[in-house]
Amino acid sequence: MPERTSTRDVDEHGRPPVAHRLLAEAAGTAFLVLAVAGTALFDTGFRDVHLGSGFVGVALALGISVFVGASAFGPVSGGHCNPAVTVGLATAGRFRWRDVPPYVAAQVVGAVVGGGAIALVAAASGRFAALSASGFASTGWGPLSPGGFGFWSAFSVEAITTGVFVAVVLIVTRRATAVTPLVIGLTLTAVALIAIPVSNGSFNPARSIGTAVYGGPTAAAQVWLSLVAPTLGALVVGAVARVLDWLGRDRVR
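Since the model is a prediction, treat every value here as computed from it, not as a measurement.

Visitor: Explain the pattern of salt bridges to me, please; I cannot follow it from the model alone.
Guide: Across all of its chains, the model carries two salt bridges by this definition. The salt bridge involving D99 is made with R96; its shortest N-O contact spans 3.0 Å. Residue D99 is classed as buried on the basis of its relative accessible area, which comes to 9%. For D245, the salt bridge identified is with R174, shortest N-O distance 3.0 Å. Pair noted here: D245 is in helix α9 (residues 216-252) and R174 is in the loop between α6 (151-172) and α7 (180-199), with a separation of 71 residues, a long-range link.

Visitor: When you look at the packing of helix α3 (residues 83-91) against helix α4 (residues 100-124) in this model, what are you seeing that I'm missing?
Guide: Relative orientation and spacing of two packed helices are given, respectively, by the angle between their axes and the distance between those axes. Packing of α3 against α4 leaves a shortest axis separation of 9 Å and a crossing angle of 165 degrees. Looking at the two axes, α3 sits roughly antiparallel to α4. The crossing of α3 and α4 is right-handed. Counting all contacts with α3, which are made through P83, T86, V87 and A90, the residues of α4 involved are V100, Y103, V104 and Q107. Looking at side-chain class alone, the contact of α3 with α4 contains six nonpolar, two polar and no charged residues.

Visitor: Whenever I open this one, the side chain of S145 confuses me. Can you help?
Guide: Summarising the element assignment, S145 is placed in the loop between α5 (128-133) and α6. For S145, a relative accessible area of 7% gives the class buried. A polar atom in the side chain of S145 sits 2.6 Å from the backbone oxygen of V198. Discounting chain neighbours no more than four positions away, the residues touching S145 are G140, P197 and V198.

Visitor: What is the right way to read the nonpolar core from this model?
Guide: For soluble globular proteins, the rule of thumb is that nonpolar side chains tend to be buried together. L62, F136, L170, L188 and F203 are the most contacted members of the largest nonpolar core, which totals 46 residues. The set of elements that each furnish at least two residues to this core consists of α1 (18-42), α2 (54-77), α3, α4, α6, α7 and α9. Membership of the second largest hydrophobic core comes to five residues, among which are A154, F155, A159 and A229.

Visitor: Would you explain the packing of aromatic side chains in this entry?
Guide: Given two aromatic rings, one states the distance between the centres and the angle between the planes to describe the pair. Taken as a whole and assessed by the stated rule, the structure comprises nine aromatic pairs. Each ring, one from F136 and one from Y214, has its centre 5.6 Å from the other, and the planes form 45 degrees; the classification is tilted. Pair noted here: F136 is in the loop between α5 and α6 and Y214 is in the loop between α8 (205-212) and α9, with a separation of 78 residues, a long-range link. Between W152 and F155, the ring centres sit 5.9 Å apart and the planes meet at 65 degrees, which makes this aromatic pair edge-to-face. Here W152 and its partner F155 are both found in helix α6, three residues apart, which amounts to about one turn of the helix. On the basis of relative accessible area, F155 is assigned to the buried category, the value being 13%. Here the aromatic cluster, defined as three or more aromatic residues joined through ring pairs, consists of W141, F151, W152, F155 and W224.

Visitor: How should α4 be read in this particular structure?
Guide: Working note: α-helix, 3.6 residues per turn, so residues spaced by three or four point in the same direction. Compared with the 36 Å implied by 1.5 Å per residue over 25 residues, the 36 Å span of α4 between its first and last C-alpha is a close match. Looking only at α4, the buried set comprises V100, Y103, A106, Q107, G110, A111, G114, G115, I118, A119 and A122. In the segment just after α4, G126 is the residue with positive phi, at about 75 degrees.

Rules used in this analysis
- Residues numbered from 1 in each chain as written.
- Predicted model: local features only at pLDDT ≥ 70, side-chain atom pairs only at ≥ 80, totals over all residues.
- Heavy atoms only, no water.
- Salt bridge = Lys/Arg side-chain N within 4 Å of Asp/Glu carboxyl O.
- Buried < 20%, exposed > 50% of the residue type's maximum accessible area, 1.4 Å probe, protein only.
- Helix = DSSP H or I, 4+ residues; strand = E, 2+ residues; numbered from the N terminus.
- Axes fitted to C-alpha atoms, helices over the stretch in contact; angles between N-to-C directions.
- Parallel < 35°, antiparallel > 145°, perpendicular 65-115°, else oblique.
- Left-handed = near helix turned anticlockwise from the far one by under 90°.
- Contact = heavy atoms within 4.5 Å.
- Nonpolar A, V, L, I, M, F, W, Y, C, P; charged D, E, K, R; others polar.
- Polar contact = N/O pair within 3.5 Å; in protein donor to acceptor, adjacent residues only side chain to side chain.
- Core = buried A, V, L, I, M, F, W, Y, C linked by side-chain atoms within 4.5 Å.
- Phe/Tyr/Trp six-rings, centres within 6.5 Å; stacked < 30°, edge-to-face > 60°.
- Expected span 1.5 Å × (residues − 1).

Shown next as structure tokens:
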């Protein structure tokens, strides 16, 4: 007999239940932080998390984790795993604003859990204090910038690269195909290679919180930049997309 689809598997709009979607967002974000910050902190032998090919390794880890998250969790929750993406989609009219707060909350919880898993591994090896003193791969300017860039450089690169990333997400998800997650992942790898030397490359407020809570006072004091700048970039791009959609509909009429 063919299997019956239980009505409990979807809500009134044909989507997975909200609990499933929030769990998917938390799990995807936890994996992203684990992959990205774990690579940054563990890949260079704890001596200096910002040397040499570490930039490429972290950028690849970021792109791969987003590709995996979009592929695995996209069918459940959309695979945002990033408050900036959620806000950008909502601003563009592609996501309900009332779903933004629970999505963002789930993403932040997942990020803190992912960062906690790294902290647990570091503590087990007796390295947590050193990694925390280094900033725990947190994003920011000055002492948290791998290249020693200042505030405005870090703010600008976070806003611009997040805007580019959200723009690509809005474009490729309009008519999603099997390669959509790959395009999104590769885009994030490309912008990470630009931003990591400047700000340590966040593009994701949840990811920034997930490392800042373990990164000591400097990381905590600077985390606001990694909340405001990516969100600003996402809002601008989402608003532009909304206007372009409106103009397109008006022209069709």
